[in-house]
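Listed below, chain by chain, are the residues.
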Protein chains: 2
Amino acid sequence: MANLIFAEENGRTITTDDKIFSTNKLAQEMIARVGKDKVANATIGALLDDNGKLVVLSSVVKVLKELGPEDYAEYAPIAGVPSFLESVKKVVFGSYQPKAHVEAVSTPGGTGAIHNIIQNYTRRGDAVLTSDWYWGPYSTIAHEIERKIATYPLFDNDFRFNHRAFAEKVEELLGQQDRLVIILNTPAHNPTGYTWSAEDWDHVVTTLKNTAAADKKRKIVLAADIAYIDFAGDEEEYRSFLPQIDVELPENLMMTIAFSMSKGFTMYGMRAGAALCLSRNPEVAKEFKTLCSLSARGTWSNCTRASMVAMAHICQDPDLWQQVREERAKYREMLIRRGRAFTEAAREAGLLTTPYDAGFFISIPCLNSDDVAAVLNEDGIFPVALGKGLRVSLASISEEWCRIIPAKMAAAIKKVNGN
Amino acid sequence: MANLIFAEENGRTITTDDKIFSTNKLAQEMIARVGKDKVANATIGALLDDNGKLVVLSSVVKVLKELGPEDYAEYAPIAGVPSFLESVKKVVFGSYQPKAHVEAVSTPGGTGAIHNIIQNYTRRGDAVLTSDWYWGPYSTIAHEIERKIATYPLFDNDFRFNHRAFAEKVEELLGQQDRLVIILNTPAHNPTGYTWSAEDWDHVVTTLKNTAAADKKRKIVLAADIAYIDFAGDEEEYRSFLPQIDVELPENLMMTIAFSMSKGFTMYGMRAGAALCLSRNPEVAKEFKTLCSLSARGTWSNCTRASMVAMAHICQDPDLWQQVREERAKYREMLIRRGRAFTEAAREAGLLTTPYDAGFFISIPCLNSDDVAAVLNEDGIFPVALGKGLRVSLASISEEWCRIIPAKMAAAIKKVNGN
């Protein structure tokens, strides 16, 4: 859409061109023509079983259905149902006991958490930092409130975390603005499947601590978007980074976490999540809660009570909690098998992928991704063409397709780009 | 909170001082001391029965509980579930068939709809117009995105709609800015209970049409917040203003509606609502949908699917629809009886009230409202002290209390203000 007739642009790029939506539509049309067995719709950001059916944790639905009428009907407090907020801490931190002061505020999914953190810790015009491979809506969220996204190259030439580029970009941006929000989507980064290792986290935290210490006027907020944490692998192992963001923090460095029920509890449509903070200063944590609550009141008011109460019930009942974890583990194994199948087949086919560790997505770096995707579409394969390559949702295709796709991709890339 | 330590003020007034919350807390504390029969907690913005229990339409809960697992789990489209959007039009317009082009986009309650309209039809720094008696969160919503609220005196000296003041303020603001969003909360205005009459609507629409025609550069958006429409009275009668906002509109005047499931379907906690627009230009309506969807994607992403599907089921099934309407009518009658009891008792006590027609709230204009409230608190009566007087939630107190409170209020005002 080139020109607005009536509405205000307000610094945003107005577009109706949604690549995921349009590719999904193409896939659906082909399914209607040739049948679903002949199509791999690798666009969908939700976990489907090998028959293409949405995975729903029945243990969670059971709890939702057993709620009392008031649990559906009544407004939740603006900051969230207190028992839910306690449950969020339990789910996020697992067996780890944070030493910093922690506060949590309910948000509509991870999107609302990221919105709240950007809204309250940056100013209009500020850059928000994330990696060059990133989940597109970060940009939509930033632009919606007149901020912008700045990026650093996520990987170096050896496909390792480019910590030097990260540190340089942090320093560069803090030369231009006193405040900086940095989004790190890990474990199981969307769209690459990368998980920041303990060493990577060390680099990140050391950089931020040094940068914060170098100038007390700087205010640095790290936002860890952990949307995929419970589909990454062992729950404890994938929480091992937590002590690293709970170290002796300088007062002008705050750690925050965007939590979502969408994936871990398969409650995408119930819109529950939370923004959490860790600070050595209890007043900073309190301020986080106040500001995020104010933003909630002035934007969406309160969040869905039923999903909050359901999660609180689950976390307060050891049997229910065990049921949810077991059911989830089963589907997590399914996803891990797909990832293994895809990366093995990629190796065999000589297909370069991002350094996938876990999660819903893997990406294939390539030039002319739109043209490559068009070739793949002819074979019933529908990845999402990004600027830097192709994103494949392992969450939405069968293990069988995971074995087939890499060779097809290698061939399509060769056909289009000649290498 | 005077100074922020870490977070950014971004043009907002940062306060943790919530009058409704603190008054509610006082009421709860007194209930714990003396029992609930001796306390009228007139702070709550939800409909309670005469025993103080939240009214929940059992027909709605039944539909919610019967949904399939996917209806809870799956993401809704950003713009909303299509069958829900059709249902919203049916519920909002009733038997009326709008002639203008209509679009609807789902939002988390009425708050999200108001947010979307202000966000997309004003610029930073702009004033948004509403009446001097107004629902406080309008200001929170505006300030959150660096806009501000301007007001005109709602009533003239005879307690009629002050259409001259309205017209003057519209003209004044359009001398300062080319865009203007105007919020009209009717029927059953919160906090006064006033309903704009057909004559009032004529004044409003004529003013806006003339103002729009006078300068084509102006872009005027009227937002009708109809949160209380289905608890006002006869459903058709209270929709009789609809043809007035569907008249031959100038191209630079758009009508919008903020719809909420919170009250009408007693689904406060399920966070479903919608922003609707009416325009003679289909491109303007389409742009509305695009922009509101973009704002959703960049703020809360999508809305609660389960509540949308439930409302669609209800509206598609004539029996269910009839059940909901009958159940609601019963509770509406209860509320209407309370309003009648209160206004009659006020007349007998010589207590001046706002010109209450219907709805959850009535207000009593007075000076020193905090002091008057404090006197009433001693008698177990807990209204909310506003700048211009006291707000009483008829929705949350029994009919018996409605007969008792006015004389107590008259006495308390006399005690504090001496008249």
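Residues numbered from 1 in each chain as written. Chains lettered and ligands numbered in written order. Predicted model: local features only at pLDDT ≥ 70, side-chain atom pairs only at ≥ 80, totals over all residues. Heavy atoms only, no water.

**Here's the deal with the overall build of chain A**
Then comes step 1: Each helix and strand in chain A was counted, giving 13 helices and 12 strands.
Then comes step 2: Computed over its C-alpha atoms, the radius of gyration of chain A comes to 21 Å, within 12% of the 22 Å expected for a compact globule of 419 residues.
Then comes step 3: Expressed along its principal axes, the backbone C-alpha trace of chain A runs to roughly 60 × 55 × 50 Å.
Then comes step 4: Sorting the 419 residues of chain A into buried and exposed places 63% on the buried side. (Helix = DSSP H or I, 4+ residues; strand = E, 2+ residues; numbered from the N terminus. Rg over C-alpha atoms; globule rule 2.2 N^0.38 Å. Buried < 20%, exposed > 50% of the residue type's maximum accessible area, 1.4 Å probe, protein only.)

**Looking at the nonpolar core**
Then comes step 1: Ranked by internal contacts, the top residues of the largest apolar core, which has 248 residues, are Phe265 and Met267 of chain A together with Phe265 and Met267 of chain B.
Then comes step 2: If we skip the residues at most four places from it in the chain, Phe265 of chain B touches Leu57, Val60, Val91, Phe259, Met311, Ile314, Trp321, Val324 and Arg328 of chain B. (Core = buried A, V, L, I, M, F, W, Y, C linked by side-chain atoms within 4.5 Å. Contact = heavy atoms within 4.5 Å.)

**Thoughts on the sheet that holds strand E9 (residues 361-365) of chain A**
Residues and elements named next belong to chain A.
Then comes step 1: Ordered by their spatial adjacency, three strands build an open sheet running E9-E12-E11, and the pairing between neighbours is antiparallel. The open sheet has two free edges, formed respectively by E9 and strand E11 (384-386), since each of these has just one partner strand. Neighbour to neighbour, the strand axes of the sheet diverge by 30 degrees on average, direction disregarded.
Then comes step 2: Sheet topology note: the E11/strand E12 (residues 389-393) ladder contains three bridges and is antiparallel. Bridge pairing in E12 links Val384 to Arg391. (Pairing = 2+ DSSP bridges. Axes fitted to C-alpha atoms, helices over the stretch in contact; angles between N-to-C directions.)

**Structural notes on the packing of aromatic side chains**
Then comes step 1: All told, the structure shown has 34 aromatic pairs over all chains when counted by the stated rule.
Then comes step 2: When the ring of Trp135 of chain A is compared with that of Tyr138 of chain A, the centres are 5.3 Å apart and the planes differ by 85 degrees; the resulting orientation is edge-to-face.
Then comes step 3: Connected via pairs of aromatic rings, a cluster forms that spans Tyr152, Phe155, Phe159, Phe161, Phe166, Tyr194 and Trp196 of chain A.
Then comes step 4: The ring of Phe265 of chain B is capped by Arg328 of chain B, whose NZ or CZ atom sits 5.4 Å from the centre of that ring. (Phe/Tyr/Trp six-rings, centres within 6.5 Å; stacked < 30°, edge-to-face > 60°. Lys NZ or Arg CZ within 6 Å of the ring centre and 35° of its normal.)

**Details of the relation of the copies chain A and chain B**
Then comes step 1: With an RMSD of 0.0 Å, the operation that places chain A on chain B is a rotation of 180 degrees combined with a shift of 0.0 Å along the axis. As the rotation angle and translation indicate, the two copies are arranged about a two-fold axis. For chain A, the minimum C-alpha distance to the rotation axis belongs to Lys65 of chain A and amounts to 2.7 Å. (Least-squares fit on C-alpha atoms with pLDDT ≥ 70 in both.)

**Focus: the environment of Phe288 of chain B**
Residues and elements named next belong to chain B.
Then comes step 1: Considering the arrangement of structural elements, one finds Phe288 in helix H10 (residues 282-297).
Then comes step 2: Along the backbone, Phe288 and Arg347 are 59 residues apart, and their C-alpha atoms lie at a distance of 46 Å.
Then comes step 3: Ignoring sequence-local partners within four residues, the contact set of Phe288 consists of Glu103, Ile117, Tyr121, Met254, Thr256, Ala275, Leu276 and Cys277.

**What to know about the environment of Tyr331 of chain B**
Residues and elements named next belong to chain B.
Then comes step 1: Within the secondary structure, Tyr331 is located in helix H12 (residues 318-349).
Then comes step 2: Between the alpha carbons of Tyr331 and Val55 there is a distance of 7.8 Å; along the sequence they are 276 residues apart.
Then comes step 3: Beyond its immediate chain neighbours, meaning those up to four positions away, Tyr331 contacts Leu47, Val55, Leu57 and Phe231.

**Notes on the side chain of Ser301 of chain B**
Then comes step 1: Mapped onto the fold, Ser301 of chain B is located in the loop between H10 and helix H11 (305-316).
Then comes step 2: Filtering out sequence-adjacent residues up to four positions away, Ser301 of chain B remains in contact with Thr111 and Arg271 of chain A together with Ile78 and Ala296 of chain B.

**A look at the interface of chain A and chain B**
Then comes step 1: The interface is formed by 78 residues belonging to chain A together with 78 residues belonging to chain B.
Then comes step 2: Summing both partners gives a buried area of about 6500 Å² for chain A against chain B, and 59% of it is carried by carbon and sulfur.
Then comes step 3: Considering only the surface of chain A that becomes buried against chain B, Phe6, Glu8 and Tyr72 of chain A emerge as the three largest contributors, covering 13% of it.
Then comes step 4: One can count eight salt bridges joining chain A with chain B.
Then comes step 5: Measuring nitrogen to oxygen at the nearest pair gives 2.6 Å for the salt bridge that ties Glu8 of chain B to Arg123 of chain A.
Then comes step 6: At the surface where chain A touches chain B, the tally comes to 47 residue pairs in polar contact (both at pLDDT 80 or more).
Then comes step 7: Broken down by secondary-structure element, the contributors of at least two residues to the side of chain A that touches chain B are helix H2 (58-65), helix H3 (69-73), helix H5 (109-121), helix H6 (137-144), strand E6 (219-225), strand E7 (253-260), helix H9 (282-297) and helix H10 (305-316) of chain A.
Then comes step 8: The element contributing the most residues to the side of chain A that touches chain B is H9 of chain A, with eight residues.
Then comes step 9: For the side of chain A that touches chain B, the class distribution of residues is 33 nonpolar, 24 polar and 21 charged. (Buried area = accessible area lost by both parts, 1.4 Å probe. Salt bridge = Lys/Arg side-chain N within 4 Å of Asp/Glu carboxyl O. Polar contact = N/O pair within 3.5 Å; in protein donor to acceptor, adjacent residues only side chain to side chain. Nonpolar A, V, L, I, M, F, W, Y, C, P; charged D, E, K, R; others polar.)

**Describing helix H5 (residues 109-121) of chain B**
Along an α-helix, residues three or four positions apart point the same way, because every turn accommodates 3.6 residues.
Then comes step 1: Given a rise of 1.5 Å per residue, 13 residues ought to cover 18 Å, and the 19 Å separating the end C-alpha atoms of H5 of chain B matches this to within 8%.
Then comes step 2: Within H5 of chain B, 13 of the 13 residues are buried, which leaves it mostly tucked inside the rest of the structure. (Expected span 1.5 Å × (residues − 1).)

**Focus: the sheet that holds strand E5 (residues 179-185) of chain A**
Sheet strands associate in pairs through backbone hydrogen bonding, adopting either a parallel or an antiparallel arrangement.
Residue and element names in this part refer to chain A.
Then comes step 1: Pairing is mixed in the open sheet, where seven strands are placed in the order E2-E8-E7-E6-E5-E3-E4. Each edge of the open sheet carries a strand with a single partner, namely strand E2 (101-107) and strand E4 (148-152). Sheet twist, expressed as the average angle between the axes of neighbouring strands with direction ignored, equals 25 degrees.
Then comes step 2: Together, E2, strand E3 (127-131), E5, E6, E7 and strand E8 (273-279) form the strand contacts of H5, whose direction differs from that of E7 by roughly 155 degrees.

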